[in-house]
Amino acid sequence: RISTKIAEIPLASFIFNASGPRCTEEDELNLLGTSASAAIMTKSCTMEPREGNAEPRYQALPYGSIQSMGLPNLGYKAYLEMLPRLKQAGKPIVVSISGFSLADNLTMVKAFQTSCADLIEVNFSCPNIEGKAQVGYDFEQTERALEQLCELGSKPIGLKLPPYFDFSHFNTMANIIKKFPVSFITCINSVGNTLVIDPETESAIIKPKGGFGGLCGDYIKPIGLANVRAFSQLLPSSIDIIGVGGIKTGTDAFEYLLAGASAVQVATCFEKEGVECFDRIAKELDSIMAAKQYSSIAAVKGKLKMI
Ligand code: DHB
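What counts as what
Residues numbered from 1 in each chain as written. Predicted model: local features only at pLDDT ≥ 70, side-chain atom pairs only at ≥ 80, totals over all residues. Heavy atoms only, no water. Helix = DSSP H or I, 4+ residues; strand = E, 2+ residues; numbered from the N terminus. Expected span 1.5 Å × (residues − 1). Buried < 20%, exposed > 50% of the residue type's maximum accessible area, 1.4 Å probe, protein only. Contact = heavy atoms within 4.5 Å. Salt bridge = Lys/Arg side-chain N within 4 Å of Asp/Glu carboxyl O. Pairing = 2+ DSSP bridges. Axes fitted to C-alpha atoms, helices over the stretch in contact; angles between N-to-C directions.

Novice: Kindly report on helix H3 (residues 102-113), identifying the contributing residues and their values.
Specialist: When the terminal C-alpha atoms of H3 are compared, their 16 Å separation across twelve residues agrees well with the 16 Å that a helix rising 1.5 Å per residue should span. The set of residues buried in H3 consists of Asp104, Asn105, Leu106, Met108, Val109, Ala111, Phe112 and Gln113. On the buried face of H3, the contacting elements are helix H2 (76-86), strand S7 (93-97), strand S8 (119-123), helix H4 (139-149) and strand S9 (157-161).

Novice: Break down the pattern of salt bridges for me, with residues and values.
Specialist: Under the counting rule described, the total for this entry stands at 15 salt bridges. Between Asp118 and Lys87 there is a salt bridge, and its shortest N-O distance comes to 2.6 Å. In this pair, Asp118 sits in the loop between H3 and S8 while Lys87 sits in the loop between H2 and S7, placing the two residues 31 residues apart along the sequence. Given a relative accessible area of 17%, Asp118 falls into the buried group. Notably, a salt bridge pairs Glu273 with Arg280, separated by 2.7 Å at the nearest N-O pair. Glu273 sits in the partly exposed class, given a relative accessible area of 31%. The exposure class of Arg280 is partly exposed, given its relative accessible area of 26%. Through salt bridges that share partners, Arg1, Asp279, Lys283 and Asp286 make up one connected network.

Novice: With reference to specific residues and values, describe the sheet that holds strand S6 (residues 64-67).
Specialist: Sheet architecture is open: four strands sit in the order S5-S6-S14-S11, paired in antiparallel fashion. Sheet topology places strand S5 (58-61) and strand S11 (191-195) at the edges, where each strand pairs with a single neighbour. Averaged over all pairs of adjacent strands, the angle between their axes in this sheet comes to 35 degrees, without regard to strand direction. Of the strand pairs in this sheet, S11 and strand S14 (residues 212-217) are connected by three bridges, and their pairing is antiparallel. Bridge assignment links Leu195 to a residue of S14, and that residue is Phe212.

Right, here's the structure in full:
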């Protein structure tokens, strides 16, 4: 099996779960522990436990999903308390934090800095909280946050970024990231604030936020690939990039590897298929690598060719 590293933390495969589906409750995280997921990634947490938005808030679509979950989670203290038990699975733990303010994020990152988490992914891109902009679309706020978030300890910090669609934005964000000891970035979060309409019922298909929600799955793979590629060209190779967006086969993972990803995360496919997806996708990637006679991630990473 092809292995990899994120911020010098070894991963037994190239594939693990994205923060999102099936990673909120302790039993779900335990299931990830016994699965072929290369890490246990937790649902983005907030200071207090949350029920999340009103239902229906997730709808499967033919080629992906739309969701506006609203950060349902147990509150960060529950995950802090759970981590030593999750650690018994013997694989890296990535915690996702998604505070509503810099103060929240500072409190939570500080707490996880002295926990047994291996990596801390700070979510700058939740699109589903009414009245809260995605931090990653506010460059000044991102820079002010990083000034303080990177000073709290020695555990690797990463950023979960929203998708960008313009080179001015790729450049600006890359230049900010380069100023700080950010160890990894995760590209991309869902494409925020999209609208799916059911013409039969003449209605939006999810309830929160007037029907606006994050688009996920196959629809967003080219956007994820572009973001991984752009940042891999703009950032030093010491900053690992985790690819997310529409990965459901070994071929998808291979494409993200060509674009420059050091690992990938799976959300919609995991929601639809369950934990079996991790072993399947890893095996499919291994077959592709073997057929092409590549024996390591390094042989392919970022080696996208131009025609
Ligand atoms: C939620 C959605 C996201 O895309 C995210 O990054 C964090 C939380 C949610 O709605 O729960």
